[in-house]
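Chains, contacts and geometry: an overview
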Amino acid sequence: MARRHEFRPGDWESAAVRVDEIISAHSGEDPFEEALKLLVAKLAHESSGAADVPFLWQKPHTCAAHEVNRLLAHAGERWRGILEPGAEIRLSGPEIARCAAVLGEVRLLADDLVGLDSIFEFMVNKAAKGQKGQYFTPRHVISEVVKMVRPAAGEQVLDPACGSGGFLCHALRQEPRCSAWGFDQDARAVRVARVMMAASGQPAARVQRSDSLRRPACRSSAKTTPIIEELMRQQEPEFAGFDVVLTNPPFAGDVGSEYAGAYELARGRRVERDVLFVERCVELLRPGGRLAMILPYNKVGGAAWAYLRSWLLLQVRVVAVLGLGRNTFQPHTGQKACVIIGVRRPQSMPQKPNEEILFFISEHAGKDHRGRLAFAEDGRTIHHDLGEATPLVRRRFHELFQGG
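Residues numbered from 1 in each chain as written. Predicted model: local features only at pLDDT ≥ 70, side-chain atom pairs only at ≥ 80, totals over all residues. Heavy atoms only, no water.

This brings us to the sheet that holds strand E6 (residues 316–323). Pairing is mixed in the open sheet, where 8 strands are placed in the order E3-E2-E1-E4-E5-E7-E6-E8. Both edges of this open sheet fall to strand E3 (207–209) and strand E8 (358–361), since each of them pairs with a single strand only. Across the sheet, the axes of successive neighbouring strands diverge by a mean angle of 15 degrees, strand direction being ignored. Here strand E2 (residues 179–184) pairs with E3 via 3 bridges, running parallel. Along E3, the bridge assignment pairs Phe 183 with Gln 208. (Pairing = 2+ DSSP bridges. Helix = DSSP H or I, 4+ residues; strand = E, 2+ residues; numbered from the N terminus. Axes fitted to C-alpha atoms, helices over the stretch in contact; angles between N-to-C directions.)

Written out as structure tokens, the structure reads:
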């Protein structure tokens, strides 16, 4: 017999699971859509200065839906682009009250949005993203990678496969004065990322639904989403590339024949999505721009992909390679992956250079084999060793590029 999930106050995933259970078991509505509306309403509630007042406190069941819809209307006006016009809650008063009792235990705008990020990560992961080879990056991995690359004030940061916006939000958390831009094909992930951007104080419109692999050389009448460069030049006519690209692109998925002639790495070879993302990310960087990209281990070490590594070394000064633990993407996959960190060269090298690269192997992934977070003795700090590489990578950036 299935056991109902027990809500544990202060446990973000527990809150997400419990709200999902309530909606799934009692309403017949789409759990993602209704949970998203409730979270946006609670964000509007907290941001209005009422964070110390429990969410929907003492509201009778007959008034609960009206109050949520009032908050949604307020959110739609304040954070344009995060909701469909006229969006309204479809849950009944008792269901709203039960969900509100769970959400009343959490502060979404506290702790640098860690709680909101955790709840959204659960919601979007539940939408079966793994079948497309898209596995959301654990936030402790994102945090350390962002620290290594270190976005600066005024820099434009891109994630062309942004998912729920983890890299974007952590970049803004480290440097609120940078400009973060995200693109993704998954409509639900884009909506979540827009909410996270709005909660971070950034325009929600800086996250767009788009096929990031689409470039001028592979135009198609069937494609209606904007090409990234064209969108950026509408904002900034002199746009010449992003300063920082942080991304974990999909590891799998059919990309279609139209890309074969548009990408150098696809000509005469089988077309794989993550390989095309390597070329596209380099293209989207300005010369001197910094790259941090997660790739499956076979692309970094497999003999069949030697041509990919050779091409990358001609285009990018690779500073470091960080091998992630096998449990990093559990419970979705045990596939090993690496983080490639480097700087785009001013121009392609004529031959492969002989340059020193820092290599690190993580021995503590911060998760067990079931995908549960592994905590240190204090019960709060995630037990991982990624931070040991951070000062060494930053020092190498400083030595080679004078702070780059």
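Alright, that's what it looks like, and here's the rest.
With 50 residues, the main nonpolar core has Leu 38, Val 40, Val 68, Ile 82, Ile 96, Phe 120 and Met 123 as its most contacted residues. In terms of residue count, the dominant contributor to this core is helix H2 (residues 31–50) (9 residues). Leu 158, Val 255, Ala 262 and Val 282 belong to the second largest nonpolar core, which has 39 residues in total. (Core = buried A, V, L, I, M, F, W, Y, C linked by side-chain atoms within 4.5 Å. Buried < 20%, exposed > 50% of the residue type's maximum accessible area, 1.4 Å probe, protein only.)

Moving on, we get to the pairing of strand E7 (residues 337–344). Residues in a regular strand point their side chains to alternate faces of the sheet. Most of E7 is tucked away, with 7 of its 8 residues classed as buried. In this structure, strand E5 (residues 285–296) lies alongside E7, joined through 7 bridges in antiparallel fashion. Looking across to E7, one finds that Leu 295 is bridged to Cys 338. Sheet topology places E6 next to E7; 7 bridges connect them, and they run antiparallel. From the neighbouring strand, Ala 320 faces E7, where its bridge partner is Ile 341.

Note that Gln 315 resides in helix H12 (residues 306–315). Owing to a relative accessible area of 16%, Gln 315 belongs among the buried residues under this scheme. Beyond its immediate stretch of four places on either side in the chain, Gln 315 contacts Val 282, Val 343, Arg 344, Arg 345 and Ser 348. (Contact = heavy atoms within 4.5 Å.)

Bringing unusual backbone geometry into the picture now. Positive phi outside glycine occurs at Arg 150, with the angle close to 55 degrees. The topology assignment puts Arg 150 in the loop between helix H6 (139–149) and strand E1 (156–159).

Further remarks concern the packing of H2 against helix H5 (residues 114–125). At a minimum axis separation of 11 Å, H2 and H5 run at an interaxial angle of 170 degrees. If you check the angle between H2 and H5, you find them roughly antiparallel. Residues Phe 32, Ala 35, Leu 36, Leu 39 and Leu 43 of H2 pack against Leu 116, Ile 119, Phe 120, Met 123 and Val 124 of H5. Across the contact of H2 with H5, the residue classes break down as 10 nonpolar, no polar and no charged. (Parallel < 35°, antiparallel > 145°, perpendicular 65-115°, else oblique. Nonpolar A, V, L, I, M, F, W, Y, C, P; charged D, E, K, R; others polar.)

Our focus in this paragraph is the pattern of salt bridges. Enumeration according to the criterion identifies 22 salt bridges in this entry. Between Arg 317 and Glu 355 there is a salt bridge whose closest N-O contact spans 3.6 Å. In this pair, Arg 317 sits in strand E6 while Glu 355 sits in the loop between E7 and E8, placing the two residues 38 residues apart along the sequence. For Arg 317, a relative accessible area of 11% puts it in the buried group. A residue is classified by how much of its surface remains accessible, and Glu 355, at 28% relative accessible area, is partly exposed. A salt bridge links Arg 396 to Glu 356, with the shortest nitrogen-to-oxygen separation between them at 2.8 Å. Note that Arg 396 is positioned in helix H13 (residues 390–401) and Glu 356 in the loop between E7 and E8, a separation of 40 residues in sequence. Linked by salt bridges that have partners in common, Arg 215, Glu 229, Glu 279, Arg 280 and Glu 283 make up one network. (Salt bridge = Lys/Arg side-chain N within 4 Å of Asp/Glu carboxyl O.)

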